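Spelled out, the chains give:
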Amino acid sequence: MATIAITGSAGGIGRATTERLESDGHRVIGIDVRDADVTADLSTEGGRRAMVREVDERCDGVLDGLVVGAGIQGKDDGAATVSINYFGAVATLTGLRPLLERGTQPSVVAISSNSVTTQPSYPIEVAEWCLADDEERARLAAGTDGIGAYPASKLALAVWVRRHAPGKDWAGAGIRLNAIAPGFIDTPLTEGLWEMVSSIGDIYPMPQGRPGEATEVAGLLAYLLSPEAAFFCGAFLVMDGGTEAALRPESWPRPLALD
Ligand SMILES: NC(=O)c1ccc[n+]([C@@H]2O[C@H](COP(=O)([O-])OP(=O)(O)OC[C@H]3O[C@@H](n4cnc5c(N)ncnc54)[C@H](O)[C@@H]3O)[C@@H](O)[C@H]2O)c1
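Computed from a predicted structure; not experimentally measured.

## With respect to the environment of Tyr-204
Here is step 1 of the chain: Here Tyr-204 shows up in the loop between helix H8 (194-197) and strand S8 (212-213).
Here is step 2 of the chain: Ignoring any residue separated from it by four or fewer positions in sequence, one finds Tyr-204 in contact with Asn-114, Thr-118, Gly-183, Phe-184, Val-197 and Thr-243.
Here is step 3 of the chain: Polar contacts involving the side chain of Tyr-204 include one to the side chain of Asn-114, which spans 3.3 Å.

Below, the structure written as structure tokens:
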């Protein structure tokens, strides 16, 4: 039995993953701003610190797995979007890393998004300020543009994972770190959007003609957390029913000029 923490545990993917892992016999410590074992607002520094303290107490300082899933698509609040999706996520990764170092075959998965490569345009400078670890400037650059801040925050998170996964604090410490990039999944985050999304096939194709299910994402997360996935390190795994492949069959990954 592994002890696994999940942020965003009260949401669609978080709840499905909690149920899946518990039915596989694991212990889950749910973290969310509501309805969770550990209630914390990951948009604030105080909330992030309190979360790390409380998880530490609950698991006696030892974690075997972590899913970093708390996130929003803040339509008119780009600033909150970067604070939760990137800075809250990175504070979770770095804050809980020492607990994972003491775990058994520890594995961590951050939830990015296929919007990183499929959204036609968005403000790359927001991702750059995130990766420069400047929350104030990232929030200013994101402003009220939640639609642009969402892929920017998820790009920065994916790049953070790829930069750190092979390094001494992660692979070198025996902790596997990977990112997944779901496409359109049927959860509260996407409620009411399917009709619109399914009607813009030229911009956002859905080759399978349906949204993904949270249980399908939970299955991928359960696999990546398991010892069976021991050779994954720094991966960015797209799971989107074919959207990314249909849009960009020959041009992945997008060249990045972030440094
Ligand atoms: N649903 C999709 O289509 C989709 C696609 C790609 C990526 N994702 C990502 O997957 C993750 C889970 O999304 P979901 O679809 O289950 O959405 P959801 O809205 O159902 O769940 C998100 C959870 O995050 C929590 N949360 C929000 N702000 C928080 C904060 N400040 N502190 C702590 N918790 C907070 C919410 O309370 C909620 O329970 C998110 O990171 C999302 O960006 C979702």
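## Quick look at the packing of helix H3 (residues 78-101) against helix H7 (residues 146-164)
Here is step 1 of the chain: For the pair H3 and H7, interaxial distance at closest approach is 7 Å and the crossing angle is 15°. In terms of orientation, H3 lies roughly parallel with respect to H7. Along this stretch, H3 crosses H7, giving a crossing that reads as right-handed. Judged by residue contacts, Gly-78, Thr-81, Val-82, Asn-85, Tyr-86, Ala-89, Val-90, Leu-93 and Thr-94 of H3 engage Gly-146, Ala-149, Tyr-150, Ser-153, Lys-154, Ala-156, Leu-157 and Trp-160 from H7.

## Here's the deal with the environment of Arg-34
Here is step 1 of the chain: Structurally, the position occupied by Arg-34 is in the loop between strand S2 (27-32) and strand S3 (38-39).
Here is step 2 of the chain: Of the polar contacts made by the side chain of Arg-34, one reaches the side chain of Asp-35; its length is 3.4 Å.

## Quick word on the site of the ligand
Here is step 1 of the chain: Contacts to the ligand come from 30 residues, most closely from Gly-12, Ile-13, Asp-32, Tyr-150 and Thr-187.
Here is step 2 of the chain: Measuring from a nitrogen atom of the ligand, one finds a backbone N or O atom of Val-33 at 3.4 Å.
Here is step 3 of the chain: In this structure, Lys-154 approaches the ligand through a side-chain N or O atom, which is 2.8 Å from an oxygen atom.
Here is step 4 of the chain: Considering the ligand on its own, with 820 Å² of exposed area, one finds that the protein chains cover 93% of that surface.
Here is step 5 of the chain: Of all the elements in the fold, those that place two or more residues in the shell around the ligand are helix H1 (12-23) and H7.
Here is step 6 of the chain: Within the shell around the ligand, the residues separate by chemical class into 15 nonpolar, 11 polar and four charged.

## Observations concerning the pairing of S2
Here is step 1 of the chain: Counted residue by residue, S2 has five buried out of six residues, so it is predominantly covered.
Here is step 2 of the chain: Where strand S1 (residues 3-7) and S2 come together, five bridges link them in parallel fashion. The residue of S2 that forms the bridge with Ile-6 is Gly-30.
Here is step 3 of the chain: Viewed along the sheet, the connection from S1 through H1 into S2 turns out right-handed.
Here is step 4 of the chain: Judged from the two bridges that link them, S2 and S3 form a sheet pairing that is parallel. Across the sheet, Ile-31 pairs through a bridge with Val-38, a residue of S3.

## Section: unusual backbone geometry
Here is step 1 of the chain: In this structure, Asp-60 takes a positive phi of about 50° despite not being glycine.
Here is step 2 of the chain: The residue Asp-60 is located in the loop between helix H2 (45-58) and strand S4 (65-68) in this model.
Here is step 3 of the chain: In the Ramachandran plot, Asp-133 falls in the positive-phi region, its phi being about 60° despite a non-glycine side chain.
Here is step 4 of the chain: With respect to the helices and strands, the residue Asp-133 is situated in the loop between helix H5 (124-131) and helix H6 (135-142).
Here is step 5 of the chain: Note on Asp-133: relative accessible area 61%, which makes it exposed.

So, how was this worked out
- Residues numbered from 1 in each chain as written.
- Predicted model: local features only at pLDDT ≥ 70, side-chain atom pairs only at ≥ 80, totals over all residues.
- Heavy atoms only, no water.
- Helix = DSSP H or I, 4+ residues; strand = E, 2+ residues; numbered from the N terminus.
- Contact = heavy atoms within 4.5 Å.
- Polar contact = N/O pair within 3.5 Å; in protein donor to acceptor, adjacent residues only side chain to side chain.
- Axes fitted to C-alpha atoms, helices over the stretch in contact; angles between N-to-C directions.
- Parallel < 35°, antiparallel > 145°, perpendicular 65-115°, else oblique.
- Left-handed = near helix turned anticlockwise from the far one by under 90°.
- Near = heavy atom within 4 Å.
- Areas by Shrake-Rupley, 256 points an atom, 1.4 Å probe, with all protein chains shown as cover.
- Nonpolar A, V, L, I, M, F, W, Y, C, P; charged D, E, K, R; others polar.
- Buried < 20%, exposed > 50% of the residue type's maximum accessible area, 1.4 Å probe, protein only.
- Pairing = 2+ DSSP bridges.
- Right-handed = clockwise from strand over helix to strand, strands pointing away.

Structural measurements only, silent on function.
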